[in-house]
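# Understanding the architecture of this molecule
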Amino acid sequence: MRDRLIFAGQLGFTLLVAAFLVVPVVLSISAGITVNYFRGISSGVTLQWVAQVWDLYAGEIGLSFLIAFATLIVTLVVGVPSAYALHVRGGRLSRIIEEVITLPLAIPGLAIALALLLTYGGFSGFRRSWAFILAGHVVFCMPFMVRSVMAVFSTIDIRTLDEGAASLGASPWRRFCNVIVPNAMPGIIAGSLMVVTLSLGEFNLTWMLHTPLTKTLPVGLADAYASMRLEVASAYTLIFFVMIVPLLVAMQMLADKGQKT
């Protein structure tokens, strides 16, 4: 009886917290498909606000996904080998480099953006392109990829696997691709999920780095809430969820499939 009461209390508390988090999201999304938010569903249901947002912000939506996947590619190409090198080398220098890589986690996004502006803002072509935002996102997201992969390396004997492959005549590149990467795949998938999610939702850093021609989803969402009808801004939120949630679910399914195999 006591265990049942404890379970019921835990379940009730969990459901209460979940409702506290989910209800505002549901209300915000529902506002994007109502004719008039202040009159509620009784005013009617419509997709005109969604169509309006798509017409106005299709470019921003596409750019956000372009930057997110470009960030993922860069962090994979740079972060996975870096994590491997830091783990294998070890020592004081590796720990110092690891701490330097993770510094963006402790520095506000606005500060990172300001540093990039002061350093590279004079290169006008670079400043006006989406590659400038990409650079900021890579700096911000790289620690998540490196940390995720290093966490997996710490649970397996990478040195033994590497030496075993080397004893069979495998080249360093082949050992890395055929032995190291497959064993690091759980960390790579976890890091990829975090990188894509953080890049798509990053606002502070992007707001400082963007130009009128390089707006992303979060910046467009903020502009919509500040300058347009609430229904339009809520429709923007709806599109945000509709495009991101299936992507995250697909990546999670891929991660689960990779772990089973």
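Rules used throughout
- Every chain begins its residue count from 1, and numbering advances along the sequence as written.
- Only residues with pLDDT of 70 or above have their local features reported here, since the model is predicted, and side-chain atom pairs are shown and tallied only from 80 upward, although totals for entire chains, interfaces and linings are computed over all residues.
- In computing side-chain values, all of the structure's heavy atoms are included and hydrogens and water are not.
- Helix and strand assignments come from DSSP, with helices taken as H or I runs of at least 4 residues and strands as E runs of at least 2, each series counted from the N terminus.
- Only protein chains enter the accessibility calculation, which uses a 1.4 Å probe; a residue whose area is less than 20% of its type maximum is buried, one above 50% is exposed, and one in between is partly exposed.
- Residue contacts are counted whenever heavy atoms from the two residues lie within 4.5 Å of one another.
- Working definition of accessibility: Shrake-Rupley area with a 1.4 Å probe, residue cover restricted to the visible protein chains.
- His is not counted, nor are the chain ends, whereas Lys and Arg count as positive and Asp and Glu as negative.
- Charge positions are represented by NZ for Lys, CZ for Arg, CG for Asp and CD for Glu.
- In these notes, a set of buried Ala, Val, Leu, Ile, Met, Phe, Trp, Tyr and Cys residues joined through side-chain atoms within 4.5 Å is what counts as a nonpolar core.
- Multiply 1.5 Å by the residue count of a helix minus one, and that product is the helix's expected span.
- In this analysis the local bend is the angle between axes fitted, respectively, to the seven residues ending at and the seven residues starting at the residue.
- Criterion for a salt bridge: a side-chain nitrogen of Lys or Arg within 4 Å of a carboxyl oxygen of Asp or Glu.

## Some points on the overall build of the protein
Looking only at helices and strands, the protein has 11 helices and 0 strands in total. The order of helices and strands in the protein, counted from the N terminus, is α-α-α-α-α-α-α-α-α-α-α. Here the C-alpha coordinates of the protein stretch approximately 75 × 70 × 30 Å along the principal axes. Here the protein holds 261 residues, and the buried ones make up 38% of them. Contacts in the protein between residues at least 24 apart in sequence constitute 75% of all its contacts with a sequence separation of at least 6. About 14800 Å² of surface is accessible on the protein, with carbon and sulfur atoms providing 70% of the total. Computing the positive centroid from 16 side-chain charges and the negative centroid from 12, the protein places the two 2 Å apart.

## Remarks on the environment of Ile189
With respect to the helices and strands, the residue Ile189 is situated in helix α8 (residues 172-201). With relative accessibility at 14%, the residue Ile189 sits in the buried group. With 41 residues separating them in the primary sequence, Ile189 and Ser148 have C-alpha atoms 8.7 Å apart.

## Some details on the nonpolar core
Of all hydrophobic cores here, the largest spans 58 residues; its most connected members are Val149 and Phe153. Looking at this core, the elements that each hand over two or more residues are α2 (48-89), α4 (109-120), α6 (130-153), α7 (158-167), α8, α9 (204-209), α10 (217-227) and α11 (230-260). Broken down by element, the residue count for this core peaks at 15 residues, all from α2. Residues within four places of Phe153 in sequence aside, it is in contact with Ala83, Tyr84, His87, Ile158, Ile180 and Ala184.

## Brief notes about the environment of Leu66
For Leu66, the position within the fold is in helix α2. A residue is classified by how much of its surface remains accessible, and Leu66, at 41% relative accessible area, is partly exposed. Spatially, the C-alpha atoms of Leu66 and Ala226 are 25 Å apart, while their sequence positions differ by 160 residues.

## Things to note about α2
The periodicity of an α-helix, 3.6 residues per turn, causes residues three or four places apart in sequence to face the same way. In a regular helix each residue adds 1.5 Å, so 42 residues correspond to 62 Å; α2 covers 58 Å between its end C-alpha atoms and thus fits that length. Of all the bends in α2, the greatest measures close to 70 degrees and is centred on Tyr57. A positive backbone phi angle near 60 degrees is found at Gly90, which sits one or two residues after α2.

## Focus on the pattern of salt bridges
If you walk through the whole model with that rule in mind, you get 2 salt bridges. As a salt-bridge pair, Arg147 and Glu98 come within 2.8 Å of each other at their nearest N and O atoms. Pair noted here: Arg147 is in helix α6 and Glu98 is in helix α3 (residues 91-101), with a separation of 49 residues, a long-range link. For Arg147, a relative accessible area of 36% corresponds to the partly exposed category. Notably, a salt bridge pairs Arg147 with Glu99, separated by 3.9 Å at the nearest N-O pair. Taken together, the residues span a long stretch of sequence, with Arg147 in helix α6 and Glu99 in helix α3 at a distance of 48 residues. Overall, Glu99 belongs to the partly exposed group, its relative accessible area being 46%. One network of salt bridges, with partners in common, ties together Glu98, Glu99 and Arg147.

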